[in-house]
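These are the residues of each chain, in order.
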Amino acid sequence: MKSFAFRGLPLFLVLLLAGCQSSQQHSLPPVDDLVVAFRQLDLSLAEERLDDARSQLSTLQQRASRDTRLEQYQRQLAEAYMEQGREALQQGDLDRAAQALGQARSLMPQAPALSHDLNQAIDSARTARQAAAEQQARDAAAKLDAERQEQLRQQRQASERQAAAKAATAPIAASQPAPVVESKPTARLIDPNAATSSVAMPMLDNQDNENLRRLLDSVAADVVTFRCAVRIEVREAKDYPWVAALLSARIKKLDPSFRPQLSQKIAPQQVPRLLLSPKRN
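Because the structure is predicted, anything quoted here is derived from the model rather than measured.

Colleague: Help me out: how do you make sense of the overall build of the chain in this one?
Modeller: Of the regular secondary structure elements, the chain holds eight helices and four strands. Mapped in sequence order, the helices and strands of the chain form the string α-α-α-α-α-α-β-α-β-α-β-β. Considering the chain as a whole, with its 281 residues, one finds that 26% of them fall into the buried category. Here the analysis covers contacts within the chain between residues at least 6 apart in sequence; of these, 76% occur between residues at least 24 apart. Carbon and sulfur atoms provide 53% of the accessible area of the chain, an area that totals close to 19,400 Å².

Colleague: What is the right way to read the packing of aromatic side chains from this model?
Modeller: For any pair of aromatic rings, geometry is given as the distance between the ring centres together with the angle between the planes. Evaluation of the coordinates by the stated rule reveals one aromatic pair. Judged by centre distance (5.5 Å) and plane angle (35°), the ring pair of Phe 38 and Tyr 73 falls under tilted. Here Tyr 73 lies in helix α4 (residues 69–90) and Phe 38 lies in helix α2 (residues 33–46), a separation of 35 residues in the sequence. The cationic tip of Arg 69 hangs over the ring face of Phe 38; the distance from NZ or CZ to the ring centre is 3.8 Å.

Colleague: Would you mind showing me how to read the side chain of Gln 74 here?
Modeller: Tracing the backbone through its elements, the reader meets Gln 74 in helix α4. Polar contacts involving the side chain of Gln 74 include one to the main-chain carbonyl oxygen of Leu 107, which spans 2.3 Å. Excluding residues within four positions of it along the chain, Gln 74 makes contact with Leu 57, Gln 61, Leu 107 and Met 108.

Colleague: What exactly am I supposed to notice about the sheet that holds strand β4 (residues 273–277) here?
Modeller: Strand pairing in a sheet takes place through backbone hydrogen bonds and is either antiparallel or parallel in direction. Spatially, the four strands line up as an open sheet ordered β1-β4-β2-β3, and their pairing is mixed. Each of the sheet's edge strands pairs with one partner strand only, and the pair in question is β1 (197–200) and β3 (261–266). Averaged over all pairs of adjacent strands, the angle between strand axes in this sheet comes to 20°, irrespective of strand direction. Pairing of strand β2 (residues 229–234) with β4, which is carried by five bridges, proceeds in the antiparallel orientation. Bridge pairing in β4 links Arg 231 to Leu 275. Packing of helix α7 (residues 209–226) onto the sheet brings it into contact with β1, β2 and β4, and relative to β4 it is tilted by some 15°.

Colleague: Before we go on, may I ask you to explain the packing of helix α3 (residues 50–63) against α4 in this structure?
Modeller: Where α3 contacts α4, the two axes come as close as 11 Å, and the packing angle between them is 160°. Classified by the angle their axes make, α3 and α4 are roughly antiparallel. For the element pair α3 and α4, the recorded crossing hand is left-handed. Residue-level inspection shows Leu 50, Asp 51, Ala 53, Arg 54, Leu 57, Leu 60 and Gln 61 of α3 in contact with α4, the latter providing Leu 70, Tyr 73, Gln 74, Leu 77, Ala 80, Tyr 81 and Gln 84. Looking at side-chain class alone, the contact of α3 with α4 contains nine nonpolar, three polar and two charged residues.

Colleague: Can you help me understand unusual backbone geometry in this one?
Modeller: Backbone geometry follows two general trends: most residues other than glycine have a negative phi, and most peptide bonds adopt the trans configuration. Residues other than glycine seldom take positive phi values, yet Gln 207 does so here, at roughly 55°. Structurally, the position occupied by Gln 207 is in the loop between β1 and α7. Positive phi outside glycine occurs at Arg 227, with the angle close to 50°. Checked against the element boundaries, Arg 227 lands in the loop between α7 and β2. The class for Arg 227 is partly exposed, based on a relative accessible area of 32%.

Colleague: I tried to follow the pattern of salt bridges on my own but got confused; where do I start?
Modeller: Oppositely charged side chains can form a pair if their charged atoms are brought close together. Scanning all chains against the criterion turns up 14 salt bridges. When the shortest N-O distance is used, the salt bridge between Asp 255 and Arg 227 registers 2.9 Å. Placement of Asp 255 in the loop between α8 (239–254) and β3 and of Arg 227 in the loop between α7 and β2 is noted, with a sequence separation of 28 residues between them. A salt bridge links Glu 236 to Lys 238; its shortest N-O distance comes to 3.9 Å. Connected through shared salt-bridge partners, Glu 47, Arg 49 and Asp 52 make up one network.

Conventions and cut-offs
Residues numbered from 1 in each chain as written. Predicted model: local features only at pLDDT ≥ 70, side-chain atom pairs only at ≥ 80, totals over all residues. Heavy atoms only, no water. Helix = DSSP H or I, 4+ residues; strand = E, 2+ residues; numbered from the N terminus. Buried < 20%, exposed > 50% of the residue type's maximum accessible area, 1.4 Å probe, protein only. Contact = heavy atoms within 4.5 Å. Areas by Shrake-Rupley, 256 points an atom, 1.4 Å probe, with all protein chains shown as cover. Phe/Tyr/Trp six-rings, centres within 6.5 Å; stacked < 30°, edge-to-face > 60°. Lys NZ or Arg CZ within 6 Å of the ring centre and 35° of its normal. Polar contact = N/O pair within 3.5 Å; in protein donor to acceptor, adjacent residues only side chain to side chain. Pairing = 2+ DSSP bridges. Axes fitted to C-alpha atoms, helices over the stretch in contact; angles between N-to-C directions. Parallel < 35°, antiparallel > 145°, perpendicular 65-115°, else oblique. Left-handed = near helix turned anticlockwise from the far one by under 90°. Nonpolar A, V, L, I, M, F, W, Y, C, P; charged D, E, K, R; others polar. Salt bridge = Lys/Arg side-chain N within 4 Å of Asp/Glu carboxyl O.

See below:
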């Protein structure tokens, strides 16, 4: 009997300890759901998962609208979006920067000064990008015009050399007057052999009326010489009457009897231009 009692004692102690541990586990208070939610929000902010943090914050605002910690988290998330916007701006991604700025503003609408600097930087970057695009368009138009002028100059020189060569080899007839050679009409801006030639008007975007008038002087000369139909392509409908009036006045001055065929097209995303189609004989 004594030996059996000693052998059963360890088993009794094990069962007693297991019962105590089970009792302690059942007596621990459950973890607060809000504590877990705030921990998840902290983790999302730390890992820069801002959209997840935005969703978690929205849920917490519905569940615990009076919790004083929410305002601090809201500001912290707004500042994180602001930092994301600054990084996107440095990378040249204006759309992503503007999206991050919008998120920050929606979180802190009562503090517009918070986003003022980033908003101003985005506007400046957009203005600079637009100016660069417009300058590029102007440079491309100027280059194209210079190439056309050079091509026409070379054509004129070739014609003059050919005419001079013929004159040098032709026999001289004392009794007959030298034949009158009719000069071939030359173009200023267009290719007379092409069905349609494009003439860019970037100065219309810049309201550079002086250079616009100079350009239309050359356009009018080509229109009259080659009896061109003209399509005026502008960004806004209000620009068409202005360009049409300037061009018509110059055409009438060169040839009062000629009635130009003008049409219009509104193309907001395109650099303003003229399409000239010479009349085919």
